[in-house]
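Spelled out, the chains give:
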Amino acid sequence: MNGSSFRRAALMASLAVTLTAGAALAEGSFPNTLSDTDRQGLEAFAHTRFRAIDTARAEGDPADVDQLERALQGEATALAPAAMAGDWRCRSIQFSKYLAVVVYAEFRCRITDDAAGLRLEKLTGSQRTSGTFYDIGETRLGYAGAEAWGDNEQPYRYGQDPERNQVGYLVPVSSRHLRLELLDRGGRSFSILDLRR
């Protein structure tokens, strides 16, 4: 087999693995494998999201609201996993009943696309999510992950500690802008991870 034929065969094998993984993701593992609490949180996702953003717009510091509006720009677009893989700058936007919205500095995130699927890891910061994206039959993707707390903790997996679980949806805006909208603490908290490159 010459070099060109070998590369063609390797590409076809890689494509077969990708298609197989995509088919497995489309069979309903998300949200069916989530905890009851997280499934209920997702059922109320649109309401939780609206309430958090509406309060932030009404009560938030103008500079933070400007960053929030920037993060919210753009609708979900169909992107191939390869277009999302790689290194990203990521900014956490958090909402709470105490502070309407807080926008943090940029950190480093990475998305990998391999046999384990399309995965995110926030590499820096004291709160670091890591998890897997799922095909849910829409242009946005489902997300199930968990958050490590503190600089020295290793990444957590979804289900390892219910208080660290995070679920939500990735909105792929373009190959240079993704928006991960998250619920954590059993749906009691909403946040956005704005990814740019």
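Residues numbered from 1 in each chain as written. Predicted model: local features only at pLDDT ≥ 70, side-chain atom pairs only at ≥ 80, totals over all residues. Heavy atoms only, no water.

### Describing the pattern of salt bridges
For the coordinates displayed, the defined rule picks out 10 salt bridges. Linking arginine 91 and glutamate 106 is a salt bridge whose minimum nitrogen-to-oxygen distance equals 3.5 Å. Taken together, the positions of arginine 91 in strand E1 (residues 86-94) and glutamate 106 in strand E2 (residues 102-114) put the pair 15 residues apart, joining distant regions of the chain. The exposure class of arginine 91 is buried, given its relative accessible area of 18%. Note that arginine 179 is salt-bridged to glutamate 181, the shortest N-O span being 2.9 Å. (Salt bridge = Lys/Arg side-chain N within 4 Å of Asp/Glu carboxyl O. Helix = DSSP H or I, 4+ residues; strand = E, 2+ residues; numbered from the N terminus. Buried < 20%, exposed > 50% of the residue type's maximum accessible area, 1.4 Å probe, protein only.)

### Focus: the state of the cysteines
As enumerated under the stated definition, the model contains one disulfide in all. A sulfur-sulfur separation of 2.1 Å characterises the disulfide bridge that pairs cysteine 90 with cysteine 109. Looking along the S-S bond of the cysteine 90-cysteine 109 disulfide, the torsion reads about 85 degrees, which is the right-handed sense. Of this pair, cysteine 90 sits in strand E1 while cysteine 109 sits in strand E2; the two residues are 19 residues apart in sequence, bridging distant segments of the chain. Accessibility expressed as a relative area gives 0% for cysteine 90, which makes it buried. Residue classification places cysteine 109 among the buried positions, given a relative accessible area of 1%. (Disulfide = S-S within 2.5 Å.)

### Focus on the packing of aromatic side chains
If you walk through the whole model with that rule in mind, you get six aromatic pairs. Centroid distance phenylalanine 30 to tyrosine 134: 5.6 Å. Interplanar angle 20 degrees. Geometry classified as stacked. One end of the pair, phenylalanine 30, is in helix H2 (residues 29-32); the other, tyrosine 134, is in strand E4 (residues 127-135), and 104 residues separate them in sequence. By the burial criterion, phenylalanine 30 is buried, and tyrosine 134 matches it. A centroid spacing of 5.2 Å and a plane angle of 45 degrees characterise the contact between phenylalanine 133 and tyrosine 143, whose relative ring orientation is tilted. Placement of phenylalanine 133 in strand E4 and of tyrosine 143 in strand E5 (residues 141-149) is noted, with a sequence separation of 10 residues between them. (Phe/Tyr/Trp six-rings, centres within 6.5 Å; stacked < 30°, edge-to-face > 60°.)

### Comments concerning the nonpolar core
Judged by nonpolar contacts, the single largest core of 22 residues is most densely connected at Leu42, Leu68, Ile93, Phe95 and Phe190. Going through the elements one at a time, helix H4 (45-59), helix H5 (62-72), strand E6 (165-174) and strand E8 (189-196) are the ones with two or more residues in this core. Once residues within four sequence positions are removed from consideration, phenylalanine 95 is found in contact with Ala52, Ile53, Ala56, Leu68, Ala100, Val101, Ser189, Phe190, Ser191 and Ile192. Among the nonpolar cores identified, the runner-up in size contains 16 residues, and Leu120, Tyr143, Leu182 and Leu193 belong to it. (Core = buried A, V, L, I, M, F, W, Y, C linked by side-chain atoms within 4.5 Å. Contact = heavy atoms within 4.5 Å.)

### A few points about H4
For an α-helix, the turn length of 3.6 residues means that residues three or four places apart are oriented alike. With 15 residues, H4 extends 21 Å between its outermost C-alpha atoms, agreeing within 8% with the 21 Å of an ideal straight helix rising 1.5 Å per residue. Residues of H4 that are buried: Phe45, Thr48, Ala52, Ile53 and Ala56. One face of H4 carries all of its buried residues, which in axial projection span an arc of 115 degrees. Structural note: H4 exposes Ala46, His47, Phe50, Ala58 and Glu59 on the side pointing more than 90 degrees away from its buried face. Considering only its buried residues, H4 is in contact with helix H3 (36-43), H5, E6, strand E7 (177-184) and E8. (Expected span 1.5 Å × (residues − 1). Arc of directions from axis to C-beta.)

### Notes on the sheet that holds E4
Strand order in the closed barrel formed by eight strands is E1-E2-E3-E4-E5-E6-E7-E8, with antiparallel pairing between adjacent strands. Mean inter-strand twist for the sheet, computed between neighbouring axes without regard to direction, equals 30 degrees. Relative to E4, strand E3 (residues 117-122) runs antiparallel, the two sharing three bridges. Bridge pairing in E4 links leucine 120 to glycine 131. Here H3 sits on the sheet in contact with E6 and E7, set at roughly 40 degrees to E6. Along the sheet, H5 makes contact with E1, E2, E7 and E8, crossing E8 at roughly 70 degrees. (Pairing = 2+ DSSP bridges. Axes fitted to C-alpha atoms, helices over the stretch in contact; angles between N-to-C directions.)

Read these as geometric descriptors, not functional statements.
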